[in-house]
Amino acid sequence: MIKLVEDRTVNGKELRKVFVDTVNDLMDENKDVVILEADLGGASGSTATLKKHPDNFIQCGISEANMVGVACGMSTLGYVPYIHTFAPFATRRVYDQVYLSGAYAKNTINIYGSDPGFTVGANGGTHTSFEDIALMRAMPEAIVCDAADETQFEFILKEFSKLQGVHYVRAGRKACRQLYDKSSQFELGKGVVVKEGKDVLIVSCGQIVSDALDAAEMLEAEGISVEVIDMFTIKPLDKDLLVKEATGKKAVLTFENHSIINGLGSAVSEVIAEENINTHFKRVGVTDRFGQVGSPSFLQKEFGLTTQDLYKAVKETL
C-alpha cells in the first residue's frame, strides 16, 4: 500500500544521510552489520558510524576491488556488509570481484552505488554511470534497484539486510524530491502503480519517477490518460504487473536515468516482445553517450531526461 506526499516539490532528507542513518539503525539491532568505504566516508557521511559503532566501520582506502573482497570475506564469517562508492566504481570497476567473490561464491554484499547518471554533476564523465543497471542486471541472481526517494531508499536498504546474495541499489547522495509518504509499504520485485490511466503507460525508476508524474499530469490536462509505474526493482522485474497494465494501452514508454541499452527500457521491451503485447513502444533514456561535466539540472536537460522531454516523447509516440 503506497501513499504519495501532498507536495511533490519538496525535497526529502539527503540520501547519503538516509543510507548512514538506516545502516546505523540496523547495527543497533544486529552487531554483525558493517559499512565498508573506499575513501568516500566523508562524501557519504558514513564516518559518523565511528562515533556510534566504531567497530562496524572499515575504511578500505581508494581500492574498490579490495573493498569488495574484504566484504565478501566478512560475509563468509556471518557479517552483513554494506559497501558504498560512486556507481561506476561500485559496478564496472569491481565487476569481476562482485561476480566471483560475491555472486558465484554465494556470499552476501549490499552495494550502494551513489550519484548515478546525471546526479553525479560536476564530477564529470569518469564518475558518470549510464551502464550500472546493465552490468548488474546481467549478473546471475543479483537484485537490482533504483530508489525514487528517501522513503523507498530506506525500505530497500532494510530489505537487503534480510536477504542473502548480491544486492545493488543506485541512488544520489543529495536530497531529491519526496514522492512517497512515510506510511508507504513496498515489496521487492513488485512495481508500484503511482498513477492510473487508460491510454498510455509510462514505466520509470529512480528519482525521475517524479518527473514522469509531472509529464503525466501535463498530458492529462490535454485529455490523454496516462498511467505511471515505478519499477523500482529492475531485477527481478514485475512481469505480471507489466503485462497486465501494458495490455490495451495505445503506447508504452520507459523513462530512466540510464542508457537505453540493457537498462529498464530493454527489460520492459523484452516482456513486451515475448508476450506479444500489441502497442507502440519507446525507450526514453540516454542514447549511447558518455557523461560530461555540468550541474545535475544542466545534465538532465543535456541528456533529454526532463519532464518536457518525456512529454514530447509521449506525444510523438501517439
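Everything numeric in this text was worked out from a predicted model, so none of it was measured.

Visitor: What's the story with the environment of G294 in this structure? I'm lost.
Guide: On the secondary structure map, G294 appears in the loop between β12 (280-286) and α12 (296-302). Owing to a relative accessible area of 15%, G294 belongs among the buried residues under this scheme. G294 has contacts with G121, A122 and L299, leaving out every residue within four places of it along the chain.

Visitor: Before we go on, may I ask you to explain the pattern of salt bridges in this structure?
Guide: Oppositely charged side chains can form a pair if their charged atoms are brought close together. Considering all chains together, one arrives at 24 salt bridges under this definition. A salt bridge links R170 to D146, with the shortest nitrogen-to-oxygen separation between them at 3.0 Å. One end of the pair, R170, is in strand β6 (residues 166-171); the other, D146, is in strand β5 (residues 143-146), and 24 residues separate them in sequence. Neither residue differs from the other here; R170 and D146 are each classed as buried. Shared partners join several salt bridges into a network, and the residues in it are R8, R177, D214 and E217.

Visitor: Help me understand the side chain of Q152 in this model?
Guide: For Q152, the position within the fold is in helix α8 (residues 150-160). For Q152, the contacting residues outside a window of four places in its chain are D146, A147, Y180, F186, D230 and F232.

Visitor: In this structure, what is going on with the sheet that holds strand β4 (residues 109-114)? I would like to understand it.
Guide: Spatial strand order, β2-β1-β3-β4-β6-β5-β10: 7 strands in an open sheet with mixed pairing. Only two strands of the sheet have a single neighbouring strand rather than two, namely β2 (57-59) and β10 (233-235). For this sheet, the mean angle separating the axes of adjacent strands, direction not counted, is 20°.

Visitor: Looking at this structure, how should I read helix α10 (residues 239-246)?
Guide: An α-helical turn contains 3.6 residues, so any two residues separated by three or four positions project in the same direction. Residues L241, L242, E245 and A246 constitute the buried set of α10. Summarising the axial view, the buried residues of α10 lie within an arc of 115°, below the 170-degree limit, and thus occupy one face. Seen from the buried face of α10, the exposed residues on the opposite side, beyond 90 degrees, are D240 and K244. On its buried face, α10 is in contact with β7 (192-195), β8 (200-204), β9 (226-230), β11 (251-259) and α11 (264-274). Among the residues trailing α10, G248 stands out with phi positive, at a value near 90°.

Visitor: Would you explain the packing of aromatic side chains in this entry?
Guide: Note on aromatic pairs: each is described by the distance of the centres and the angle between the planes. Enumeration over the complete set of coordinates arrives at 9 aromatic pairs. Seen from their ring centres, F19 and Y112 are 4.8 Å apart, and the 50° between their planes marks the pair as tilted. Here F19 is found in helix α1 (residues 15-29), whereas its partner Y112 is found in strand β4, with 93 residues between them in sequence. Pair check on accessibility: F19 and Y112 agree, each one buried. Taken together, a centroid distance of 6.3 Å and an interplanar angle of 80° make the contact between F155 and F232 edge-to-face. Here F232 lies in the loop between β9 and β10 and F155 lies in helix α8, a separation of 77 residues in the sequence. Residue placement shows R93 over the ring face of F89; its charged tip is 4.0 Å from the ring centre.

Visitor: For this particular structure, what's the right way to read α11?
Guide: Three or more residues of α11 are buried, namely L264, G265, S266, A267, V268, V271 and I272. Looking at the buried side of α11, the elements it contacts are α7 (132-137), β8, β10, α10, β11 and β12.

Visitor: Where do I start with the packing of helix α9 (residues 209-220) against helix α13 (residues 307-317) in this structure?
Guide: Pairs of packed helices are described in terms of their axes, by the angle between the two and the distance that separates them. Contact geometry for α9 and α13: axes closest at 8 Å, N-to-C directions at 50°. In terms of their interaxial angle, α9 and α13 are classed as oblique. As α9 runs across α13, the sense of the crossing is right-handed. Across the interface between the two elements, D211, A212, D214, A215, M218 and L219 of α9 pack against T307, Q308, L310, Y311, V314 and K315 of α13. Tallied by class, residues from the contact of α9 with α13 come to 7 nonpolar, 2 polar and 3 charged.

Visitor: Please explain unusual backbone geometry as it appears in this structure.
Guide: With the exception of glycine, most residues fall at negative phi, and the peptide bonds are largely trans. The linkage connecting K235 with the following residue, P236, adopts the cis geometry, with an omega of 0°. With respect to the helices and strands, the residue P236 is situated in the loop between β10 and α10. Not every positive phi belongs to a glycine, and N262 is a case in point at roughly 65°. In this structure, N262 sits in the loop between β11 and α11. With phi around 55°, N276 is a residue other than glycine that occupies positive phi space. Note on placement: N276 falls in the loop between α11 and β12.

Visitor: For this particular structure, what's the right way to read the sheet that holds β12?
Guide: Strand pairs in the sheet, formed through backbone hydrogen bonds, run parallel or antiparallel to each other. A sheet is described by the order of its strands in space; here 5 strands give the open sequence β7-β9-β8-β11-β12, paired in mixed fashion. In the strand order of this sheet, the two ends are held by β7 and β12, each with one partner. Within the sheet, the average angular offset between the axes of one strand and its neighbour, ignoring direction, is 25°. Two strands pair when backbone bridges link them, and β8 and β9 are joined in this way by 5 bridges, in the parallel orientation.

Conventions and cut-offs
- Residues numbered from 1 in each chain as written.
- Predicted model: local features only at pLDDT ≥ 70, side-chain atom pairs only at ≥ 80, totals over all residues.
- Heavy atoms only, no water.
- Helix = DSSP H or I, 4+ residues; strand = E, 2+ residues; numbered from the N terminus.
- Buried < 20%, exposed > 50% of the residue type's maximum accessible area, 1.4 Å probe, protein only.
- Contact = heavy atoms within 4.5 Å.
- Salt bridge = Lys/Arg side-chain N within 4 Å of Asp/Glu carboxyl O.
- Pairing = 2+ DSSP bridges.
- Axes fitted to C-alpha atoms, helices over the stretch in contact; angles between N-to-C directions.
- Arc of directions from axis to C-beta.
- Phe/Tyr/Trp six-rings, centres within 6.5 Å; stacked < 30°, edge-to-face > 60°.
- Lys NZ or Arg CZ within 6 Å of the ring centre and 35° of its normal.
- Parallel < 35°, antiparallel > 145°, perpendicular 65-115°, else oblique.
- Left-handed = near helix turned anticlockwise from the far one by under 90°.
- Nonpolar A, V, L, I, M, F, W, Y, C, P; charged D, E, K, R; others polar.

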